[in-house]
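Inside the fold
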Amino acid sequence: MAEDVVLVEVADRVGTVTLNRPEARNALSSEVLRRLPLVMADLDANDDVDVVVLTGADPAFCAGLDLKELGSTGSNLGAGQADGRTQRRGPWEPLTKPLIGAVNGVAVTGGFELALNCDFLVASTNARFADTHARVGVMPGWGLTVMLPQAVGVRRARELSTTGNFLDAETALAWGLVNHVVAHDELLAFARKLAADIIGNDQPGVRQVLATYAATADVAVGEAWEVERSMARAWSSRGFDPAEVEKRREKIMARGREQTQPTEPAR
């Protein structure tokens, strides 16, 4: 039997979700996109879980949509809505429990959106972030144009989205995208320590606070989600061509490798 593309572990009231396609840098295949919202819903309903942690199998967090599948059939472009919930905002149904993103490597495009849909982020020193939607020729549909400006400011968000350049972990911390940067081998332990801090609180209170944050944010930006969704639908309806993605795929991957190479520390 093939290994599960999304792994789940529950221990000490923490549910850890690991994207498990390391050979493909945890790229979003149709199967991942089908499984991930189901896993999240199960953990949100699990009485033995108070906090969820999302990470990736090394070396990546998530490289975004699987460009091989996108460039051959394009079937994963809409696979995240395969359950028929076309009005769902984001990659999964809204959670009532805190979701910590433990970003262990590159988080690119759809992978960047997965990270943004977490309540807050802990990054390893290996983490890198990039929005390459415009390079691939697809549009964000999981709230990137809403949440990225909230995190880093609209001018920085526009720069990231129009250049496709990578953002390193320390800059992401300075810009307010992530809450903490820790040594790579300490990432999950640190995220689970934060989870334990949350678990020590009154859980109905924690969930009510999160619900209030969501409600107050929507007063200002709720309409922006529908704007993004409708514009993404209009873009796709004009004719998505997988062959064009395939032409760009190697250039995109080569550029990503160049921009994510470790740099020598300053002396």
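It should be noted that the structure appears before, not after, this text.
Residues numbered from 1 in each chain as written. Predicted model: local features only at pLDDT ≥ 70, side-chain atom pairs only at ≥ 80, totals over all residues. Heavy atoms only, no water.

Observations regarding unusual backbone geometry
Note that the residue after Asp 58, namely Pro 59, is joined by a cis bond; omega there is 15°. Tracing the backbone through its elements, the reader meets Pro 59 in the loop between β3 (51-56) and α2 (67-72). For Arg 13, which is not glycine, the phi dihedral falls at a positive 70°. With respect to the helices and strands, Arg 13 occurs in the loop between β1 (6-11) and β2 (14-19). Even without being a glycine, Asn 26 presents a positive backbone phi close to 55°. In this fold, Asn 26 is placed in the loop between β2 and α1 (30-45). (Helix = DSSP H or I, 4+ residues; strand = E, 2+ residues; numbered from the N terminus.)

Remarks on the packing of helix α5 (residues 144-152) against helix α9 (residues 203-237)
Running from amino to carboxyl end, α5 crosses α9 at an angle of 135°, the nearest separation of the two axes being 8 Å. In this view, α5 runs oblique relative to α9, as classed from their interaxial angle. Between α5, through Leu 144, Thr 145, Val 146, Met 147 and Gln 150, and α9, the contact on the second element is made entirely by Val 221, Ala 224, Trp 225 and Glu 228. Of the residues contributing to the contact of α5 with α9, the split by class is six nonpolar, two polar and one charged. (Axes fitted to C-alpha atoms, helices over the stretch in contact; angles between N-to-C directions. Parallel < 35°, antiparallel > 145°, perpendicular 65-115°, else oblique. Contact = heavy atoms within 4.5 Å. Nonpolar A, V, L, I, M, F, W, Y, C, P; charged D, E, K, R; others polar.)

Some points on the sheet that holds strand β7 (residues 128-130)
As summarised here, the arrangement of the three strands in space is β5-β7-β8, forming an open sheet in which the pairing is mixed. Both outer strands of the open sheet, β5 (106-108) and β8 (167-168), are each paired with one neighbouring strand and no more. (Pairing = 2+ DSSP bridges.)

Notes on the sheet that holds strand β6 (residues 120-124)
Strand order in the open sheet made by the six strands is β1-β2-β3-β4-β6-β9, with mixed pairing throughout. Across the chains shown, the open sheet's two edge strands, defined by having one partner strand only, are β1 and β9 (180-182). For this sheet, the mean inter-axis angle between neighbouring strands, taken without regard to orientation, is 20°. Summarising the sheet, β3 and strand β4 (residues 99-103) pair through three bridges and their orientation is parallel. If you follow Val 53 over to β4, its bridge partner there is Ile 100.

Quick word on the layout of surface pockets
As a volume, the second largest pocket reaches approximately 1,200 Å³. Listing elements by their share of the lining of the second largest pocket, those giving two or more residues are α3 (110-116), β6, α5 and α9. With 11 residues, the top contributor of residues to the lining of the second largest pocket is α9. When its residues are assigned to classes, the lining of the second largest pocket shows 24 nonpolar, six polar and six charged. (1 Å grid on protein atoms, 1.4 Å probe; cavity = no way out; pocket = protein on both sides within 12 Å on 5 of 7 lines; lining within 4 Å. Points joined across faces, edges and corners; volume = space filled by probe spheres on them.)

Notes on α9
Between the first and last C-alpha of α9 there are merely 43 Å, a value that for 35 residues lags more than 12% behind the 51 Å anticipated at 1.5 Å per step. At Val 219, α9 is bent by approximately 70°, the largest bend along its length. All of the buried residues in α9 are Gln 203, Val 206, Val 221, Gly 222, Trp 225, Glu 228, Arg 229 and Ala 232. Looking at the packing, one finds that the buried side of α9 touches α3, α5 and α8 (187-199). Its side-chain oxygen 2.8 Å from the backbone nitrogen of Gly 205, Asp 202 forms the N-cap of α9. (Expected span 1.5 Å × (residues − 1). Bend = angle between axes of the 7 residues up to and from the residue. Buried < 20%, exposed > 50% of the residue type's maximum accessible area, 1.4 Å probe, protein only. Polar contact = N/O pair within 3.5 Å; in protein donor to acceptor, adjacent residues only side chain to side chain.)

Brief notes about the side chain of Glu 113
Within the secondary structure, Glu 113 is located in helix α3. Within the buried set, Glu 113 has no salt-bridge partner at all; the shortest N-O distance to an opposite charge, 11 Å, is to Arg 229. Engagement of the side chain of Glu 113 in a polar contact is seen with the backbone nitrogen of Gly 143, the distance being 3.4 Å. In this structure Glu 113 touches His 133, Pro 140, Gly 141, Trp 142, Gly 143, Leu 144 and Glu 228, once residues within four positions along its chain are discounted. (Lys, Arg positive; Asp, Glu negative; His and termini not counted. Salt bridge = Lys/Arg side-chain N within 4 Å of Asp/Glu carboxyl O.)

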